[in-house]
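# Summary of structural features
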Amino acid sequence: MAIKKNDIVTNNKETHVGSPHNPLTIPAGTQLRVWKATRRGILYCTAVDRSLSYYTINIHRGDVTKVEQPKPVVNVGDIFVCSWGYDQTNIDYYKVLEVKNKSVVIASFGQDRNYTGHMQGECSPVPTAVSDRRITKRIIACGDSVSLKMTSYSWAYPWNGKTNHFTEWA
């Protein structure tokens, strides 16, 4: 079974990381997230529980066991929210129209804005005002969460049902 980027593995033996002045032992059975896997069998990982270690752990493929996790579920009709911006906070909402094997077809739609101050407020989606433009995006699964990479600077996550804060800049 191949181990690749973003897989969760469990180390089979304790691993030592850190510097000689600040040594740290990662106990056996610790869950690690793989950030890079080389052809030579070296895995670059970090602990899933970040309170254990912020170090990158280099470990051999034979010293870990892959943890099989269920694929996150994305359904037709799910709403994703994307918050992005530099001098302002823009909010975009997307509705899932079709689910393929590893991707989804989505469309943006309108929002209701309620201004709570000068050039800022809360917004919520209006799923009935769907755009005609269809976008296909790959589903990014990381553990039990799911996201969609919208652009090089923005990601969309499942909407939690609450209003989102936006700001404007003149």
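Just so it is clear, the model here is predicted, and its values are computed rather than measured.

Attention now goes to the packing of aromatic side chains. This model, assessed by the stated rule, comprises 4 aromatic pairs. Between Trp-84 and Tyr-153, the ring centres sit 5.7 Å apart and the planes meet at 55 degrees, which makes this aromatic pair tilted. Residue Trp-84 is located in strand E8 (residues 79–84), and its partner Tyr-153 is located in the loop between strand E13 (145–151) and strand E14 (154–158); the two are separated by 69 residues in the primary sequence. The interplanar angle of 80 degrees and the centroid separation of 6.1 Å between the aromatic rings of Tyr-93 and Trp-159 together place this pair among those described as edge-to-face. Here Tyr-93, found in strand E9 (residues 90–99), pairs with Trp-159, found in the loop between E14 and strand E15 (164–167); they are 66 residues apart in sequence, far enough to count as distant. Relative accessible area serves as the criterion here: at 1%, Tyr-93 is assigned to the buried category. Taken together through their ring pairs, the aromatic side chains of Tyr-93, Phe-109 and Trp-159 make up a single cluster. A cation over a ring is seen here: Arg-113 above Phe-166, with NZ or CZ 4.0 Å from the ring centre.

Cut-off values and rules
Residues numbered from 1 in each chain as written. Predicted model: local features only at pLDDT ≥ 70, side-chain atom pairs only at ≥ 80, totals over all residues. Heavy atoms only, no water. Phe/Tyr/Trp six-rings, centres within 6.5 Å; stacked < 30°, edge-to-face > 60°. Helix = DSSP H or I, 4+ residues; strand = E, 2+ residues; numbered from the N terminus. Buried < 20%, exposed > 50% of the residue type's maximum accessible area, 1.4 Å probe, protein only. Lys NZ or Arg CZ within 6 Å of the ring centre and 35° of its normal.

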